[in-house]
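Structure at a glance
One-letter residues, chain by chain:
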Amino acid sequence: VTEEEMDNPTFKSDTILSDVHLYCPDKRHLMVRLNAVGQPVFLSYFKLLWNPEDLASQKHGREAATEREHQYESGGELCDSDRNNSRKEKESNIEGVEALLDDDGDLEVVRRPRSASSVEAEELSRDRVYPVILMKGEEDAFEDEEQEGGCSDVVKIEHTMATPLEDVGKQVWRAAFLLADYILFKRDTFRCCSVLELGGGTGITSIIMGTVAKRVYCTDVGEDLLAMCEKNIALNKHLMEPGRGEVKVKELDWLKDEFCTDPEAPYSWSEEEIADLHDHCTVIMAADVFYDDDLTDALFRMLYRITHNLRNSCTVYLALEKRLNFTLRHMDVTCEAYNHFRNTLNDLENLQDKKMKYTVEPIKLDFCQFLIYERIEQL
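Residues numbered from 1 in each chain as written. Predicted model: local features only at pLDDT ≥ 70, side-chain atom pairs only at ≥ 80, totals over all residues. Heavy atoms only, no water.

- Under an unreviewed UniProt entry, the name given to the protein chain is Methyltransferase-like protein 22, and the source organism is Centropus bengalensis.
- Regarding the protein chain, the UniProt comment filed under Sequence similarities (unreviewed entry) reads as follows: "Belongs to the methyltransferase superfamily. METTL22 family."
- What UniProt states about the protein chain under its Subcellular location (unreviewed entry) heading is, verbatim, "Nucleus". (UniProt positions renumbered as here; feature names shortened; annotations may be inferred.)

So, in structure tokens, the structure goes:
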């Protein structure tokens with residue numbers, strides 16, 4: 001070790017851990033397989049907290065309860081048979097109390113056996129984790145889970161829980177949930193739009209966007225990651241309206257100047273798809289992709305190139321978590337990745353370009369929460 005290295009010590013970790021699953025470690029996290037590089041892949045069920053059908057049924061239930069209360073308060077009387085049954089029930093209760101006395105006259109308390117339904121209800125509400133490894137091809141092993149998750153208010157996502165830095169796209173991150181919340185809150189804004197997501201990862205934000213938008217291009221890099229993303233989109237077809245909500249998984253490397261158009265390469269672009277993107281895209285989005293300065297620079301260069309080729313004006317939605325880290329260089333807690341993102345965003349807004357004008361506007365986080373995650377103040 002050189003003297004210079006001694007003066008500038010660094011600590012490296014090979015594992016990056018998403019804490020979304022730590023917030024809700026319930027039975028919906030099921031280990032289903034190992035991916036191409038040997039990482040455990042989990043299947044998680046994320047329930048939407050809002051659903052029109054649920055609201056309608058709750059409203060109907062409240063109205064029925066109110067009607068019953070009104071009937072009771074309006075002076076409805078018990079018939080003779082009901083009155084007799086009620087009296088007999090009270091008498092039997094009194095006899096039961098006397099029967100519970102033991103030989104010494106002490107009260108003997110016998111626990112009433114719980115019904116099967118109450119046991120099942122408790123089991124459903126109890127948080128549990130089921131680590132299960134399945135052999136490839138045994139897809140019917142989760143038939144019950146598939147049926148349970150086939151309703152319109154459950155999002156099913158395959159993901160990992162810990163990866164090296166280069167594979168963090170395979171995990172689920174809070175900013176993706178935040179952006180998904182905003183999409184659900186502003187459904188009418190995105191209805192029938194053509195959308196591009198940069199760094200789509202597991203695809204959860206594109207899937208939510210696909211419930212309202214006309215077409216979504218979900219992009220990232222890495223064949224294993226893109227295959228997982230495509231699997232997740234297939235798992236959530238039940239959320240898409242028939243004939244609408246098309247989500248396409250495509251490769252888009254920010255470090256390259258052009259789209260991948262090699263027909264032999266998986267997840268490449270056709271000339272028609274590139275033309276469709278340029279002609280119709282009005283929304284670009286990215287969530288939790290600002291953690292490395294070089295990648296942040298590459299993303300903004302890609303953003304600049306794409307927006308220059310769009311026929312229509314475009315709104316870009318960026319969601320991220322301001323992560324606090326202690327650094328030896330500053331001997332303090334800093335947010336270097338976030339600060340670099342803000343500086344680059346300011347450069348884009350102040351860019352002197354005769355063709356394009358960029359304006360930046362923060363979004364208040366006072367909109368409803370539709371997915372279960374911890375909406376911390378650093379989002």
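**Side note on unusual backbone geometry**
- In this structure, Cys192 takes a positive phi of about 65 degrees despite not being glycine.
- Look at Tyr267: it is not a glycine, yet its phi comes out positive at around 65 degrees.
- Its place among the elements puts Tyr267 in the loop between β8 (246–251) and α11 (271–280).
- Residue classification places Tyr267 among the buried residues on the basis of a relative accessible area of 16%. (Helix = DSSP H or I, 4+ residues; strand = E, 2+ residues; numbered from the N terminus. Buried < 20%, exposed > 50% of the residue type's maximum accessible area, 1.4 Å probe, protein only.)

**Comments concerning the pattern of salt bridges**
- Taken as a whole and judged by the stated rule, the model has 18 salt bridges.
- Where Glu374 meets Arg174, a salt bridge forms, and the shortest distance between an N and an O atom there is 3.7 Å. Of this pair, Glu374 sits in the segment after α13 (336–349) while Arg174 sits in helix α7 (residues 174–185), and the two are 200 residues apart along the sequence.
- What makes Glu374 partly exposed here is its relative accessible area of 36%.
- A relative accessible area of 7% means that Arg174 is categorised as buried.
- Note that Glu273 is salt-bridged to Lys248, the shortest N-O span being 3.3 Å. Residue Glu273 is found in helix α11, and its partner Lys248 is found in strand β8; the two are separated by 25 residues along the sequence.
- Within the structure, one salt-bridge network assembled from shared partners comprises Arg215, Glu246, Lys248, Lys250, Glu273 and Asp276. (Salt bridge = Lys/Arg side-chain N within 4 Å of Asp/Glu carboxyl O.)

**Description of the layout of surface pockets**
- In this structure, the second largest pocket spans a volume of roughly 1200 Å³.
- Taken together, 35 residues make up the lining of the second largest pocket; nearest its centre are Val316, Tyr317, Leu318, Glu361 and Ile363.
- Elements supplying a minimum of two residues to the lining of the second largest pocket: α7, α12 (293–309), β10 (315–319) and α13.
- Partitioning the lining of the second largest pocket into residue classes produces 23 nonpolar, six polar and six charged. (1 Å grid on protein atoms, 1.4 Å probe; cavity = no way out; pocket = protein on both sides within 12 Å on 5 of 7 lines; lining within 4 Å. Points joined across faces, edges and corners; volume = space filled by probe spheres on them. Nonpolar A, V, L, I, M, F, W, Y, C, P; charged D, E, K, R; others polar.)

**Quick word on the sheet that holds β10**
- Taken in spatial order, the five strands of this open sheet run β8-β7-β6-β9-β10, and their pairing is parallel. Each of the sheet's edge strands pairs with one partner strand only, and the pair in question is β8 and β10. On average, each strand axis in the sheet is tilted by 20 degrees relative to the strand beside it, whichever way the strands run.
- In terms of strand pairing, strand β6 (residues 194–197) meets strand β7 (residues 215–220) through four bridges, oriented parallel. Across the sheet, Glu197 pairs through a bridge with Cys218, a residue of β7.
- On the sheet, helix α10 (residues 223–235) packs against β7 and β8 and is oriented at approximately 175 degrees with respect to β8.
- The strands touched by α12 are β6, β9 (281–287) and β10; relative to β9, the strand with the most contacts, the crossing angle is about 170 degrees. (Pairing = 2+ DSSP bridges. Axes fitted to C-alpha atoms, helices over the stretch in contact; angles between N-to-C directions. Contact = heavy atoms within 4.5 Å.)

**Describing the nonpolar core**
- Within the largest apolar cluster, 45 residues are counted, with the highest numbers of intra-cluster contacts made by Val155, Phe177, Ile183, Phe190, Val195 and Met209.
- Breaking this core down by element, the ones donating at least two residues are β4 (154–159), α7, α9 (204–209), β7, α10, β8, β9 and β10.
- The element best represented in this core is α7, accounting for nine residues.
- Setting aside its immediate chain neighbours within four residues, Val195 contacts Met209, Ala213, Arg215, Val216, Tyr217, Cys281, Val283 and Met285.
- If you look at the next biggest cluster of nonpolar residues, it comprises 27 residues, including Phe259, Phe300, Leu303 and Leu310. (Core = buried A, V, L, I, M, F, W, Y, C linked by side-chain atoms within 4.5 Å.)

**Here's the deal with the sheet that holds strand β2 (residues 30–34)**
- Here we have three strands laid out as an open sheet, ordered β2-β3-β4, and antiparallel in their pairing. The open sheet terminates on both sides in strands that have one partner only, identified here as β2 and β4. For this sheet, the mean angle separating the axes of adjacent strands, direction not counted, is 25 degrees.
- Pairing geometry for β2 and strand β3 (residues 40–47), over four bridges, is antiparallel. In the strand pairing of β3, Leu30 is matched with Leu43.
- Across the face of the sheet, α10 comes into contact with β2, β3 and β4 while running at roughly 160 degrees to β4.

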